[in-house]
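# Architecture at a glance
Spelled out from the first residue to the last, the chains are:
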Amino acid sequence: MLSDNYEQIEAIALDLALVGLFLLMGFAVHDVLRKNNVPMIGRVVVYLVLFLGAAGFLFKGVVQYFWQAT
């Protein structure tokens, strides 16, 4: 059974690993911004860029799902 679903398990594991990496990047960025007293506009820009990267990753997954469904 495991060999039958290997590609699906691999895809899910990759997605979970990338979500974990985005979370770790968010924590690291938050820590650096907090320790260096970055102004609010700088924090907004940095978090916006990080959010757009994560949103692009999610959008890619949605497009990929619908692309493979057809």
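Just so it is clear, the structure is predicted and the values come from calculations on it, not from any experiment.

Rules behind the numbers
Residues numbered from 1 in each chain as written. Predicted model: local features only at pLDDT ≥ 70, side-chain atom pairs only at ≥ 80, totals over all residues. Heavy atoms only, no water. Helix = DSSP H or I, 4+ residues; strand = E, 2+ residues; numbered from the N terminus. Buried < 20%, exposed > 50% of the residue type's maximum accessible area, 1.4 Å probe, protein only. Areas by Shrake-Rupley, 256 points an atom, 1.4 Å probe, with all protein chains shown as cover. Lys, Arg positive; Asp, Glu negative; His and termini not counted. Charge placed at Lys NZ, Arg CZ, Asp CG, Glu CD. Axes fitted to C-alpha atoms, helices over the stretch in contact; angles between N-to-C directions. Parallel < 35°, antiparallel > 145°, perpendicular 65-115°, else oblique. Contact = heavy atoms within 4.5 Å. Nonpolar A, V, L, I, M, F, W, Y, C, P; charged D, E, K, R; others polar. UniProt positions renumbered as here; feature names shortened; annotations may be inferred. Phe/Tyr/Trp six-rings, centres within 6.5 Å; stacked < 30°, edge-to-face > 60°.

If you tally the helices and strands in the chain, you get two helices and zero strands. Counting only C-alpha atoms, the chain reaches 50 × 25 × 5 Å along its principal axes. Among the 70 residues that make up the chain, the fraction classed as buried is 6%. A total accessible area of about 6100 Å² is found for the chain, and carbon and sulfur atoms account for 74% of it. Here the chain contributes 4 positive and 5 negative side-chain charges, whose respective centroids are spaced 25 Å apart.

With that out of the way, let us pick up the packing of helix α1 (residues 6-35) against helix α2 (residues 40-69). When two helices pack together, their arrangement is given by the angle between their axes and by how far apart the axes lie. Between α1 and α2, whose axes approach to 11 Å, the crossing angle comes to 180°. When the axes of α1 and α2 are compared, the pair comes out roughly antiparallel. Where α1 abuts α2, its residues D15, L18, V19, F22, M25, G26, V29, H30, L33 and R34 lie against R43, V46, Y47, L50, G53, A54 and F57. Its residues assigned to classes, the contact of α1 with α2 comprises 11 nonpolar, three polar and three charged.

The positions UniProt marks with the feature "transmembrane region" (unreviewed entry) are residues 12-33 and 45-67. Measuring from the first to the last C-alpha atom of residues 12-33 gives 32 Å, for a span that is 100% helix and 0% strand.

All told, the structure shown has two aromatic pairs when counted by the stated rule. Geometrically, the ring pair formed by Y65 and F66 is edge-to-face, given 5.5 Å between the ring centres and 70° between the ring planes. The two residues Y65 and F66 agree in class, both being exposed.

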